[in-house]
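Chain residues, written in single-letter form:
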Amino acid sequence: MAIEVIDDLATWRRALDASRSAGLSVGLVPTMGALHGGHMSLIRRAAAECDVAALTDYVNPLQFGPSEDLGAYPKNLLRDRELAAEAGAQLMLAPSPEQVWPDGEPSTSVRVSGLTDRLEGEARPGHFDGVTTIVCKLLSLSGPCRAYFGEKDYQQLAVVSRMVSDLSLPVQVVGCPTVREVDGLALSSRNAYLSPDERAVASRLYHSLLAGKRLIEEDAVTDPACVEAAIAEHLGAERRFSVDYAAVVDPADFKRPERIGSGEVRLLAAARLGKARLIDNMAATPAAAQQ
Ligand code: PAF
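Residues numbered from 1 in each chain as written. Predicted model: local features only at pLDDT ≥ 70, side-chain atom pairs only at ≥ 80, totals over all residues. Heavy atoms only, no water.

J.: Explain the sheet that holds strand S8 (residues 265–273) to me, please; I cannot follow it from the model alone.
T.: Strands in a sheet are paired, the pairing made by backbone hydrogen bonds, and the direction either parallel or antiparallel. The 3 strands are arranged S7-S8-S9 in an open sheet whose pairing can be described as antiparallel. The open sheet terminates on both sides in strands that have one partner only, identified here as strand S7 (241–249) and strand S9 (276–284). Shown here is a sheet whose adjacent strand axes are inclined to one another by a mean of 15°, direction ignored. Where S8 meets S9, 9 bridges bridge the pair, whose relative direction is antiparallel. Bridging from a neighbouring strand, Arg266 pairs with Ala283 of S9. Relative to the sheet, helix H9 (residues 204–217) contacts S7, S8 and S9, its axis offset from that of S9 by approximately 25°. (Pairing = 2+ DSSP bridges. Helix = DSSP H or I, 4+ residues; strand = E, 2+ residues; numbered from the N terminus. Axes fitted to C-alpha atoms, helices over the stretch in contact; angles between N-to-C directions. Contact = heavy atoms within 4.5 Å.)

J.: Would you mind showing me how to read the nonpolar core here?
T.: What tends to happen in soluble globular proteins is that the nonpolar side chains get buried as a cluster. Core analysis: the biggest nonpolar cluster contains 45 residues, and Trp12, Leu91, Val135, Leu139, Met163 and Phe254 have the highest contact counts within it. Looking at which element gives the most residues to this core, the answer is helix H6 (residues 127–142), with 8 residues. When neighbours within four sequence positions are excluded, Leu91 is seen to be in contact with Ile3, Glu4, Ile6, Trp12, Ala15, Leu16, Val52, Ala53, Ala54 and Leu55. Ranked by size, the runner-up nonpolar core spans 33 residues in total, among them Leu215, Ile231, Leu267 and Ala276. (Core = buried A, V, L, I, M, F, W, Y, C linked by side-chain atoms within 4.5 Å. Buried < 20%, exposed > 50% of the residue type's maximum accessible area, 1.4 Å probe, protein only.)

J.: Explain the environment of Asn281 to me, please; I cannot follow it from the model alone.
T.: One can find Asn281 in strand S9. Taking relative accessible area as the criterion, Asn281 reaches 3% and is therefore assigned buried. Along the sequence, Asn281 and Leu267 sit 14 residues apart, while their C-alpha atoms lie 5.4 Å from each other. Ignoring any residue separated from it by four or fewer positions in sequence, one finds Asn281 in contact with Glu151, Lys152, Tyr154, Arg180, Leu209, Arg266, Leu267 and Leu268. Side-chain polar atoms of Asn281 contact the backbone oxygen of Lys152, separated by 3.1 Å. (Polar contact = N/O pair within 3.5 Å; in protein donor to acceptor, adjacent residues only side chain to side chain.)

J.: Please clarify how helix H1 (residues 9–21) should be interpreted in this entry.
T.: Residues separated by three or four positions in an α-helix point in the same direction, a consequence of the helix having 3.6 residues per turn. With 13 residues, H1 extends 18 Å between its outermost C-alpha atoms, agreeing within 8% with the 18 Å of an ideal straight helix rising 1.5 Å per residue. Those residues of H1 not exposed but buried are Leu9, Trp12, Ala15, Leu16, Ser19 and Arg20. Take H1 and look down its axis: the buried residues cluster within an arc of 135°, on one side only. Opposite the buried face of H1, by more than 90 degrees, sit the exposed residues Arg14 and Ser21. Close packing links the buried residues of H1 with strand S1 (4–6), strand S2 (26–31), strand S3 (52–57), strand S4 (91–93), helix H4 (97–100) and H6. Phi for Gly23, located one or two positions after H1, is positive at around 85°. (Expected span 1.5 Å × (residues − 1). Arc of directions from axis to C-beta.)

J.: Would you mind showing me how to read the sheet that holds strand S6 (residues 171–176) here?
T.: Strand order across the open sheet formed by 6 strands is S1-S4-S3-S2-S5-S6, with parallel pairing between neighbours. Because the sheet does not close on itself, it has two edges, and the strands there are S1 and S6. The average undirected angle you get between the axes of adjacent strands in this sheet is 25°. Judged from the 3 bridges that link them, S3 and S4 form a sheet pairing that is parallel. Within S4, the position partnered with Thr56 by the bridge is Leu93.

J.: Would you mind showing me how to read helix H2 (residues 37–49) here?
T.: The end-to-end C-alpha distance of H2 is 18 Å, a good match for the 18 Å that 13 residues give at a rise of 1.5 Å each. Among all positions of H2, only Gly38, His39, Met40, Leu42, Ile43 and Ala46 are buried.

J.: I would appreciate a short explanation of the site of the ligand in the present structure.
T.: Near the ligand, the surroundings consist of Pro30, Thr31, Met32, Asn60, Gln63, Ile134, Val135, Phe149 and Gln156. Contact between the ligand and Gln63: an oxygen atom at 2.6 Å from a side-chain N or O atom of the residue. The separation between an oxygen atom of the ligand and a polar side-chain atom of Gln156 is 2.7 Å. About the coverage of the ligand: the protein hides 89% of its 290 Å² of free accessible area. Elements with a minimum of two residues in the shell around the ligand: S2 and H6. Its residues assigned to classes, the shell around the ligand comprises 5 nonpolar, 4 polar and no charged. (Near = heavy atom within 4 Å. Areas by Shrake-Rupley, 256 points an atom, 1.4 Å probe, with all protein chains shown as cover. Nonpolar A, V, L, I, M, F, W, Y, C, P; charged D, E, K, R; others polar.)

J.: Whenever I open this one, the packing of aromatic side chains confuses me. Can you help?
T.: For any two aromatic rings, the description comes down to two numbers: the centre-to-centre distance and the angle of the planes. What the rule picks out here adds up to 2 aromatic pairs. Ring centres of Phe64 and Tyr73 lie 5.7 Å apart, and the angle between their planes is 75°; on these two criteria the pair is classed as edge-to-face. With respect to burial, Phe64 and Tyr73 carry one shared label: buried. A ring pair is formed by Tyr154 and Phe254, whose centres lie 6.0 Å apart and whose planes are at 40°; its orientation type is tilted. (Phe/Tyr/Trp six-rings, centres within 6.5 Å; stacked < 30°, edge-to-face > 60°.)

J.: Whenever I open this one, the packing of H6 against helix H7 (residues 154–166) confuses me. Can you help?
T.: Angle between the axes and distance between the axes are the two parameters that describe a pair of packed helices. Here H6 crosses H7 at 50°, and the two axes come no closer than 10 Å. By the criterion of interaxial angle, the relationship of H6 to H7 is oblique. Here H6 and H7 pass one another in a crossing that is right-handed. Contacts from Phe128, Val131, Thr132, Val135, Cys136 and Leu139 of H6 reach H7 at Gln155, Gln156, Val159, Val160, Met163 and Val164. Counted by class, the contact of H6 with H7 contains 9 nonpolar, 3 polar and no charged residues. (Parallel < 35°, antiparallel > 145°, perpendicular 65-115°, else oblique. Left-handed = near helix turned anticlockwise from the far one by under 90°.)

Here it is, written out as structure tokens:
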């Protein structure tokens with residue numbers, strides 16, 4: 001299917017408004033480009049559930065810290081265009097930072113408190129403010145739609161959902177399952193930074209979370225600290241990993257529950273491996289809640 005690439009915000013707004021005026025529903029997939037199978041699954045779902053599947057392809061400087069990988073972040077607009085079209089996207093917004101912020105650095109910042117206090121929010125100060133500021137702008141430009149986000153960035157999904165709810169944006173946020181390589185490694189644009197040797201051990205992140213999940217679901221461990229320590233130990237046993245965090249949280253508030261009891265919890269971990277910083281997560285349902 002042909003895809004139209006737009007770099008101008010006013011044209012983008014007009015194109016989506018025109019679709020809705022013609023009675024068509026819009027599915028939006030915000031991305032930072034460097035598209036992979038995970039993005040493709042979001043676009044395919046948007047195309048299956050909506051009349052028009054649209055994506056944004058913009059590496060957002062606001063969500064990178066000063067010592068992070070903004071300069072190295074992989075970019076290939078032509079390939080993104082091909083992959084997005086193959087997955088069923090009809091419209092793609094690919095603006096420059098100057099087109100997004102014609103007046104220079106924005107004076108406005110959108111901040112979701114509470115949910116952003118820990119984990120990625122703590123490891124990457126200012127990151128979520130950068131995410132919510134750009135996502136709020138992209139949603140505002142795109143108008144009423146369903147917006148598709150991957151569960152791979154689970155905390156981001158929660159933060160964006162909260163922002164949309166708090167601000168009553170006319171958007172339905174749809175969380176979509178993480179897509180994995182055959183060995184379990186979650187697809188991520190940052191996997192491109194891994195050397196072949198690092199790639200060979202990278203799925204340990206996924207397997208560490210699986211080990212934590214087994215402790216909860218099969219061994220009925222109820223102490224979150226014990227599960228967190230087991231995940232970190234499993235991961236750190238491969239010395240090339242440097243663990244940022246391993247956490248058990250209540251998905252409602254991202255706080256550590258006092259005890260793993262009757263409801264589902266989320267296990268999350270982040271670690272550095274060579275030049276890459278990898279994150280992953282999975283749900284665990286305690287044995288007591290499974291009956
Ligand atoms: O998940 C991402 O790729 C980015 O954080 C997003 C949502 C496109 C905002 O820049």
